Amino acid sequence: MSETLAVIDFETSGLGPANGGRATEIAAVLVRGGAIVGEYQSLMHTGVYVPPFIEQLTGISNEMLEGAPPAEQVMREVAEFTRGCPMIAHNAGFDRGFWQFEMRKAEIEPDPAHEFACTVLLARRLYPEAPSCKLGQLARWHELPDMGRAHRALADAKTTAHLLIRMERDIEQQFGQELGVAPVRHELLARLQKANKTALKRCVADYAAVWRRRAQQPLPLQA
DNA sequence: TGCCAGGCCCTCTTTAGGGCCTT
């Protein structure tokens with residue numbers, strides 16, 4: 001059973017909406033069956049001022065944002081693009097904060113499927129020997145494909161997608177016995193990111209048992 | 001013009017503090 005996950009990445013004018021930070025660019029990459037199957041990217045105009053440090057970091061200038069589509073339009077497009085897909089982000093607390101803020105600003109109804117899982121938390125558990133859990137460091141450490149300029153939304157979202165695919169493969173290899181025939185789905189990723197690092201095997205085994213029980217239940221009758 | 005945060009984890013902890021990660 002394959003599940004489509006949406007990997008998202010924001011570029012922003014600051015570290016949080018609470019201090020006036022706004023999104024400047026968003027990318028969403030759809031991952032299914034161990035492969036990237038779709039992508040969306042757009043700059044977005046909110047009227048926010050981009051400080052020189054951020055402009056240097058991301059390459060996104062105030063002039064570029066002047067001609068960008070309005071944030072409300074972009075959020076509607078990306079919400080439709082990711083509809084029904086659980087979300088993945090690197091340091092998900094950051095992207096979730098901007099996602100919820102920009103969705104509210106655009107007056108878009110929240111999608112209950114948009115639960116976030118975090119590749120930083122997962123990496124800390126799966127790869128404790130990694131030199132760091134920064135996205136670029138993990139990409140080099142795993143020798144993931146080069147997706148282009150870092151700190152642009154699509155490049156970072158694609159790199160995170162490749163990291164996610166690598167993690168799914170490593171989970172299957174590392175916990176194959178506990179996992180049995182249960183697939184690596186978003187629910188398992190969300191559980192693993194919160195599990196005590198010494199109890200990963202038990203977490204995977206519990207997930208697999210629940211999944212098998214569900215799989216044995218008859219499908220509900222159609223109305 | 002250009003400042004700034006917050007959630008999470010680990011441990012020399014739990015009545016706390018420091019580091020990581022994102023722009």
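Further up the page is the structure itself.
Quick notes on the rules
- Residues numbered from 1 in each chain as written.
- Chains lettered and ligands numbered in written order.
- Predicted model: local features only at pLDDT ≥ 70, side-chain atom pairs only at ≥ 80, totals over all residues.
- Heavy atoms only, no water.
- Helix = DSSP H or I, 4+ residues; strand = E, 2+ residues; numbered from the N terminus.
- Expected span 1.5 Å × (residues − 1).
- Buried < 20%, exposed > 50% of the residue type's maximum accessible area, 1.4 Å probe, protein only.
- Contact = heavy atoms within 4.5 Å.
- Pairing = 2+ DSSP bridges.
- Arc of directions from axis to C-beta.
- Phe/Tyr/Trp six-rings, centres within 6.5 Å; stacked < 30°, edge-to-face > 60°.
- Polar contact = N/O pair within 3.5 Å; in protein donor to acceptor, adjacent residues only side chain to side chain.

Draft legend 1. Local environment of helix α4 (residues 92–105). For α4, which comprises 14 residues, the first-to-last C-alpha distance of 20 Å matches the rise-based estimate of 20 Å (1.5 Å per residue) to within 8%. Buried residues of α4: Ala-92, Asp-95, Phe-98, Trp-99, Phe-101, Glu-102 and Met-103, and no others. On the buried face of α4, the contacting elements are β1 (5–12), β2 (23–32), α3 (71–81), β4 (87–89) and β5 (116–118). Within two residues after α4, Glu-107 carries a phi angle of roughly 55°, on the positive side.

Draft legend 2. View of the pairing of β1. The element β1 is largely enclosed, with a buried count of 8 among its 8 residues. A two-sided burial pattern is seen for β1, the buried positions comprising Leu-5, Val-7, Asp-9 and Glu-11 on one face and Ala-6, Ile-8, Phe-10 and Thr-12 on the other. Summarising the sheet, β1 and β2 pair through 8 bridges and their orientation is antiparallel. Its bridge partner lying in β2, Phe-10 is registered against Ile-26.

Draft legend 3. Inspection of α3 at higher detail. All buried positions along α3 are accounted for by Ala-71, Val-74, Met-75, Val-78 and Ala-79. The buried residues of α3 occupy an angular sector of 130° when the element is viewed end-on, so they sit on one face. In this fold, the buried residues of α3 make contact with β1, β2, β3 (35–43) and α4.

Draft legend 4. A look at the packing of aromatic side chains. For the coordinates displayed, the defined rule picks out 4 aromatic pairs. Plain terms: the ring middles of Phe-10 and Phe-98 are 6.2 Å apart, the flat faces sit at 45° to each other, and that makes the pair tilted. One end of the pair, Phe-10, is in strand β1; the other, Phe-98, is in helix α4, with 88 residues separating them in the sequence. Phe-98 sits in the buried class, given a relative accessible area of 0%. An aromatic cluster is defined as three or more aromatic residues linked by ring pairs; in this entry it consists of Phe-10, Phe-94 and Phe-98.

Draft legend 5. Summary view of the environment of Arg-32. When you line up the elements, Arg-32 lands in strand β2. Given the relative accessible area of 39%, Arg-32 is considered partly exposed. In sequence terms Arg-32 and Leu-5 are 27 residues apart; their C-alpha atoms lie 6.5 Å from each other. Setting aside its immediate chain neighbours within four residues, Arg-32 contacts Ser-2, Glu-3, Thr-4 and Val-37. A distance of 2.9 Å separates the side chain of Arg-32 from the side chain of Thr-4, its partner in a polar contact.

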